[in-house]
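Chain by chain, the residues:
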Amino acid sequence: MSNLKFIQVSDAFNTNGLNIVWIIVGLITIYAGIKNLLDEENPSRVGTAIFWCSFGVVCAFGTWLPAKVSGVLVIIMCLPPIFKKVKVGKTNAPTKEYSRAQYEKIGMKIFIPAFSVAVFSLAFAFFANISSMIAITFGVALAIIILMCYSAKENKPQVFLQDSERFLSLMGPLCMLPQLLGCLGGVFTKAGVGDVIASLVEKVVPKGNVNVGIIVFAIGMVLFTMIMGNAFAAITVMTVGIGAPFVLAYGADPVVIGMLALTCGYCGTLCTPMAANFNIVPVAILNMKDRWGVIKNQVVVACIMLVVQIGFMIALK
Amino acid sequence: MELIKLLGVVIVIVGFALKLDSILIIFLALITTGIVGGLGVDGLLETIGTNFVANRSMAIFIMILLVTGTLERNGLREAAADLIKKVKGATAGKLICVYGALRGFFGAFNVGFGGVAGFIRPVLLPMAEGAVKSEGHEPTEEHMEDIKGMASAMENITWFFFQVLFVGGSGGILVQSTLASLGYEVELIELAAKEIPIALIALVVACVYFLMKDKKLTKKYYGDSAVKAGKK
């Protein structure tokens, strides 16, 4: 694999490139804030603007801002949605007739820009050591250029910006949940929440039976991930608190146990609204009515996979 | 009183159970854990700021939104719907499975198609809608809601279980470093290899489940004869 990567960039390229990526994302979001501030059709202009702009500033300049300032901005960002002050303003959604007419003009060629983000990510993953965030950005840039070539009069630069604002507003504050959950995991860890849970388990679970240890470890990963919404936050705490003292200490293979415990945690991710970016944000993007609509379709598969993985861990330990 | 540190966890569980506003729940849990965990105002703000900035890769979807809306405006849905009319025998369930297989295969190379915002909404859903129509049914709102749920679920399941096959992915690295801190040295490639059978089983389980479910739904929404007609 790695010998295919004939395009080698320096770490500095990736660092600087990522900074540019976050500045672009931040500016898109700040645009959304300012657009809504000036939008007389928005019933809550100031609240909406505070929300999008404070996120935009943290995203764009987080690399250089002191952590404490970023923290204050995140707190400020949380206030408008808590008081239901983030609203949708005037939208410029295309009519069905309009997109039909554009399709008749452009035709199947529309798939070329649609796949350009994926093709760029693929090509860059195979042939270069460039960060996938930068690869995605290149793909997006190419898609914009192609769309402008197809229909220069219709697809002016501001159309792309307006359309991204339309989608951001449609998704609303919920799209910030994943990053907030990341923060919560960090704060939990810092405050030692994991240690407390591990010490509680120690009182209940008998030591010495590896198979019981494996089952407790696997189910513990699922439950802890469901609470935290993040298997990464759970795996460190659970491996230290349960995996090592109850399973690995008795000679089980750390490769099998350590790795499959993480994917047991993913079974928990499939079942929790705390994993908002996977289970709640799609509900918003797809305009679904049922907040649990994605999770309901995942529970059966998650349960089967948990049993399969516990079986693997016991068989291969 | 170490147990008091769990107050934030309790807030999260109770908050979601009571269906309070999600951001409010996290906000309260953050503040409470900061206080009972003894982080202090400065420590709490610093931890929040550091973690939020470190998790920015979760915001890359905003970059992709730059083209998502304009692609829709330029007839992507119409093109996908037209394309699917040319494919014979493709049901919504089959399309979701084909997508799952592709997503898994490319996911193992750490390559995404744009996820729900970048692919499912603009490409896959119009195709699934077209598939239902090509079977001779007018898609009901309930059926589309189920299809949306199944497509998002397939996206998550395949992405979760196949991304760990990528050597150098963050999941494997995290497991490796956690085990190292406990005195167990393991190789990333070994970790990834152990996940290959698990990933394949996950894909098969998901495909069988969604194919069966879609068949049942088609029967439920469009009647008994619909399933037979769709088989032809």
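Analysis parameters
- Residues numbered from 1 in each chain as written.
- Chains lettered and ligands numbered in written order.
- Predicted model: local features only at pLDDT ≥ 70, side-chain atom pairs only at ≥ 80, totals over all residues.
- Helix = DSSP H or I, 4+ residues; strand = E, 2+ residues; numbered from the N terminus.
- Buried ≥ 20, exposed ≤ 12 C-beta atoms within 10 Å, placed from the backbone.
- Contact = placed C-beta atoms within 7 Å.
- Nonpolar A, V, L, I, M, F, W, Y, C, P; charged D, E, K, R; others polar.
- Expected span 1.5 Å × (residues − 1).
- Domains from an automatic or database assignment.
- pLDDT = per-residue confidence, 0-100.
- Axes fitted to C-alpha atoms, helices over the stretch in contact; angles between N-to-C directions.
- Parallel < 35°, antiparallel > 145°, perpendicular 65-115°, else oblique.
- Left-handed = near helix turned anticlockwise from the far one by under 90°.

## Describing the overall build of chain A
Within chain A, the regular secondary structure consists of 16 helices and zero strands. C-alpha atoms of chain A, sized along the principal axes, occupy 70 × 50 × 40 Å. By the burial criterion, 51% of the 317 residues in chain A qualify as buried.

## A short note on the interface of chain A and chain B
On the side of chain B, 98 residues touch chain A, which itself brings 114 residues to the contact. A total of 13 residues in the side of chain A that touches chain B trace back to one element, the largest contributor, which is helix α8 (residues 177-191) of chain A. Looking at the side of chain A that touches chain B residue by residue, the classes come out as 79 nonpolar, 27 polar and eight charged.

## Thoughts on helix α6 (residues 132-150) of chain A
Between the first and last C-alpha of α6(A) there are 27 Å, a value that for 19 residues agrees with the 27 Å anticipated at 1.5 Å per step. Among all positions in α6(A), only I134(A), A135(A), I136(A), T137(A), G139(A), V140(A), A143(A) and L147(A) are buried.

## Quick notes on unusual backbone geometry
Residues and elements named next belong to chain A. Residue K84 is not a glycine yet carries a positive backbone phi of 55 degrees. With respect to the element layout, K84 can be found in the loop between α3 (67-82) and α4 (96-106). Given 12 C-beta atoms within 10 Å, K84 falls into the exposed group. In this structure, N287 takes a positive phi of about 55 degrees despite not being glycine. Among the structural elements, N287 can be located in the loop between α14 (281-285) and α15 (293-296).

## Quick look at the domain arrangement of chain A
By the assigned domains, chain A splits into domain 1 (96-155) and domain 2 (192-316). For domain 1 of chain A and domain 2 of chain A, the distance between their C-alpha centroids amounts to 38 Å.

## Topic: helix α1 (residues 11-37) of chain A
End to end, α1(A) covers 39 Å across 27 residues, agreeing with the expected 39 Å (1.5 Å per residue, within 8%). Along α1(A), the residues that are buried comprise V21(A), W22(A), V25(A), G26(A), I28(A), T29(A), A32(A), G33(A), K35(A) and N36(A). In this structure, the buried side of α1(A) is in contact with α2 (45-61), α6 and α7 (157-171) of chain A together with α4 (60-73) of chain B.

## Here we look at the confidence of the model for chain B
This prediction gives chain B a mean pLDDT of 83; 87% of its residues lie at or above 70. Element-level mean pLDDT values for chain B span from 53 in helix α11 (residues 224-231) of chain B up to 93 in helix α8 (residues 141-163) of chain B.

## Looking at the environment of K90(A)
Residues and elements named next belong to chain A. The topology assignment puts K90 in the loop between α3 and α4. Judged by the 12 C-beta atoms lying within 10 Å of it, K90 is exposed. Linking K90 and V308, residues 218 residues apart in sequence, is a C-alpha distance of 50 Å. If we skip the residues at most four places from it in the chain, K90 touches D39 and E41.

## Observations concerning the environment of Y103(A)
Examined against the element boundaries, Y103(A) turns out to sit in helix α4. The class for Y103(A) is buried, based on 20 C-beta atoms found within 10 Å. Distance from Y103(A) to K35(A), taken between C-alpha atoms, is 29 Å for residues 68 residues apart in sequence. In this structure Y103(A) touches I110(A), G75(B), E78(B) and A79(B), once residues within four positions along its chain are discounted.

## Some remarks on the packing of α1(A) against α2(A)
Residue and element names in this part refer to chain A. Two elements in contact, α1 and α2, have axes whose closest approach is 7 Å; the angle formed by their N-to-C orientations is 170 degrees. One element, α1, and the other, α2, form an angle in the roughly antiparallel class. Between α1 and α2 lies a crossing of left-handed hand. Where α1 approaches α2, its residues W22, I23, V25, G26, L27, T29, I30, A32, G33, I34, N36 and L37 are matched on the opposing element by R45, V46, T48, A49, W52, C53, F55, G56, V57, C59, A60 and F61. In terms of residue class, the contact of α1 with α2 is made up of 17 nonpolar, six polar and one charged.

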